[in-house]
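One-letter residues, chain by chain:
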Amino acid sequence: DRNIFVSKLNTATGATLWAATLASTRRGYTYGVGSDSAGNVILVGQICTEGGTGPELNRGRPTGRLASLCYGLVAKFASADGAVLWERRITGVGNFYHLVVDASDDVYVGGNFRGSAVDMGAGIVATSESGGSTQSSLVLKLSGADGTTVWAQSFGSGYVREMTIAPDGSSVYAGGYNSIAATVGTNSVTGTHGGYVWKLAASDGAPQWLIDVPPLRGVRAHSDGATLSLMGSPFGGTVTLGDVTIR
């Protein structure tokens, strides 16, 4: 069994100022960490407890315990002492991999979920084009004050790997992996086992545009306001972007 921990260090000396944990009866993973304007720490990942249906299996053999029930995790810790300010465990979410924080300290998280229609909190439902047969890419906006869900957007079959926010705070960019043909608004992607970049309005999550860049296994994005920089790894074959071919 694995618990999640986070610590704050003195940048001058490396001394530990505080350490905090989130207990799990099974396992927990942290994939991304950030901070708000007050220095409070936000982390994202996955946390699992006992409570699933059926027996837990280890190499095909029952362990004598129930299967795990896993949640997508977002938690915020106080800058001063690491006290938990709020915590969200969202059923149906496989993992949250990345987060960004805007100037108002609201939090945008990206990952994936499974289900044809999953309640992300506050009555906001994320839907899956795969009908829940595979994981779908997911972006949520959460209130920095208490973690309440503000909006949710999802599409395709894959995951969000990294996000960035425009310097003026108007837009959020998500980069990741998608494996099926999908249409979001007026934009379509082929899903040829490749990467994508997705632009969303920060205020309400309205999709602005969506492009795919196959056959990248996943895409990371960074915006300086005027341009968007991409980083990814070719998944077999070559990738052509403009007049540049990547092998």
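This text follows the structure it describes.
Criteria and cut-off values
- Residues numbered from 1 in each chain as written.
- Predicted model: local features only at pLDDT ≥ 70, side-chain atom pairs only at ≥ 80, totals over all residues.
- Heavy atoms only, no water.
- Pairing = 2+ DSSP bridges.
- Helix = DSSP H or I, 4+ residues; strand = E, 2+ residues; numbered from the N terminus.
- Axes fitted to C-alpha atoms, helices over the stretch in contact; angles between N-to-C directions.
- Salt bridge = Lys/Arg side-chain N within 4 Å of Asp/Glu carboxyl O.
- Buried < 20%, exposed > 50% of the residue type's maximum accessible area, 1.4 Å probe, protein only.

Caption draft 1: Spatial organisation of the sheet that holds strand 3 (residues 27–35). With antiparallel pairing, the 4 strands of this open sheet are ordered in space as 3-4-5-6. Both edges of this open sheet fall to strand 3 and strand 6 (84–91), since each of them pairs with a single strand only. For this sheet the average axis-to-axis angle between neighbouring strands, irrespective of direction, equals 25°. Judged from the 13 bridges that link them, strand 4 (residues 41–58) and strand 5 (residues 61–77) form a sheet pairing that is antiparallel. By the bridge assignment, Ile-47 is partnered in strand 5 with Tyr-71.

Caption draft 2: Focus on the sheet that holds strand 12 (residues 149–155). What the 4 strands build is an open sheet, ordered 7-8-11-12; its pairing is antiparallel. The sheet is open, and its two edges are formed by strand 7 (93–101) and strand 12, each paired on a single side. For this sheet the average axis-to-axis angle between neighbouring strands, irrespective of direction, equals 20°. Pairing between strand 11 (residues 136–142) and strand 12: 6 bridges, direction antiparallel. Bridge pairing in strand 12 links Leu-138 to Ser-154.

Caption draft 3: Spotlight on the pattern of salt bridges. In the structure shown here, the tally under the stated rule is 3 salt bridges. With its nearest N and O atoms 3.0 Å apart, the salt bridge here joins Lys-76 to Asp-36. Placement of the pair is Lys-76 in strand 5 and Asp-36 in the loop between strand 3 and strand 4, with a sequence separation of 40 residues. Neither Lys-76 nor Asp-36 differs from the other in exposure class; each is buried. Between Glu-87 and Arg-89 there is a salt bridge, with its nearest N and O atoms 2.4 Å apart. Judged by relative accessible area, Glu-87 falls into the partly exposed class, the value being 31%. Assessed through its relative accessible area of 33%, Arg-89 is described here as partly exposed.

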